[in-house]
Amino acid sequence: MSLPVETTGWSCAACGGELEIVKVGFTYMKGNFEVDLPACQECGQVLVSEELATGKMADAERILEDK
Ligand SMILES: [Zn+2]
C-alpha cells in the first residue's frame, strides 16, 4: 500500500501534531502554482524540504517555458 505523498510517521517539528497534505498556492515568475505539501493540523506549520521545493520550482520553470 502506498500513497502519493507519504506522511505516516511524520510529526510537526514545532508542536508534534499530526500532518496532513494541503494545497499551497505560490507565485513564481509571474505564474501561480499549487503544490501539495504536508502541513501540521495543530499549528498550521507547513513543512517543505529543500529537495521538494527545488523540484517544484523546476517543474514551475518547465511549465512557464512550455508557454
Ligand atoms: Zn504543529
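Described in the following lines is the structure provided in the data block. (Residues numbered from 1 in each chain as written. Predicted model: local features only at pLDDT ≥ 70, side-chain atom pairs only at ≥ 80, totals over all residues. Heavy atoms only, no water.)

1. A look at the coordination of the zinc ion
Moving on, step 1. Donor atoms from the polypeptide that coordinate the zinc ion comprise Cys-12 (SG), Cys-15 (SG), Cys-40 (SG) and Cys-43 (SG), at 2.3 to 2.4 Å from the metal.
Moving on, step 2. In this structure, the zinc ion is coordinated by four donor atoms arranged in tetrahedral fashion, with angles at the metal of 100 to 121 degrees.
Moving on, step 3. Each donor residue of the zinc ion belongs to the same chain, and together they define the spacing C-x2-C-x24-C-x2-C. Here the residue Cys-15 occupies a position in the segment before strand S1 (19-28), and Cys-43 occupies one in the loop between strand S2 (31-40) and helix H1 (50-66), the gap between them amounting to 28 residues.
Moving on, step 4. Note on Cys-43: relative accessible area 45%, which makes it partly exposed. (Donors = N, O, S within 2.8 Å, 3.2 Å for Na, K, Ca; no water. Tetrahedral: all angles 85-135°; square planar, octahedral: opposite > 155°, others 65-115°. Helix = DSSP H or I, 4+ residues; strand = E, 2+ residues; numbered from the N terminus. Buried < 20%, exposed > 50% of the residue type's maximum accessible area, 1.4 Å probe, protein only.)

2. Focus: unusual backbone geometry
Moving on, step 1. Even without a glycine there, the phi angle at Lys-30 is positive, about 65 degrees.
Moving on, step 2. Tracing the chain through its elements places Lys-30 in the loop between S1 and S2.
Moving on, step 3. The exposure class assigned to Lys-30 is exposed, which follows from its relative accessible area of 85%.

3. Thoughts on the nonpolar core
Moving on, step 1. In terms of nonpolar packing, the biggest core is built from five residues, these being Phe-26, Phe-33, Val-35, Leu-37 and Ala-60.
Moving on, step 2. Per element, the largest residue contribution to this core is three residues, and it comes from S2.
Moving on, step 3. Each residue touching Phe-33, except ones within four places of it in the same chain, is listed here: Val-24, Gly-25, Phe-26, Tyr-28, Ala-60, Ile-63 and Leu-64. (Core = buried A, V, L, I, M, F, W, Y, C linked by side-chain atoms within 4.5 Å. Contact = heavy atoms within 4.5 Å.)

4. Side note on the pattern of salt bridges
Moving on, step 1. A complete count under the given rule lists two salt bridges for this structure.
Moving on, step 2. For Lys-23, the salt bridge identified is with Asp-36, shortest N-O distance 3.0 Å. Within this pair, whereas Lys-23 is found in strand S1, its partner Asp-36 is found in strand S2, the two being separated by 13 residues in sequence.
Moving on, step 3. On the basis of relative accessibility, which here comes to 55%, the residue Lys-23 falls in the exposed class.
Moving on, step 4. A residue is classified by how much of its surface remains accessible, and Asp-36, at 34% relative accessible area, is partly exposed.
Moving on, step 5. One salt bridge in this structure joins Arg-62 and Asp-59, with 3.1 Å as the shortest N-O distance. Of the two residues, Arg-62 and Asp-59 both sit in helix H1, three residues apart, roughly one turn of that helix.
Moving on, step 6. A relative accessible area of 47% means that Arg-62 is categorised as partly exposed. (Salt bridge = Lys/Arg side-chain N within 4 Å of Asp/Glu carboxyl O.)

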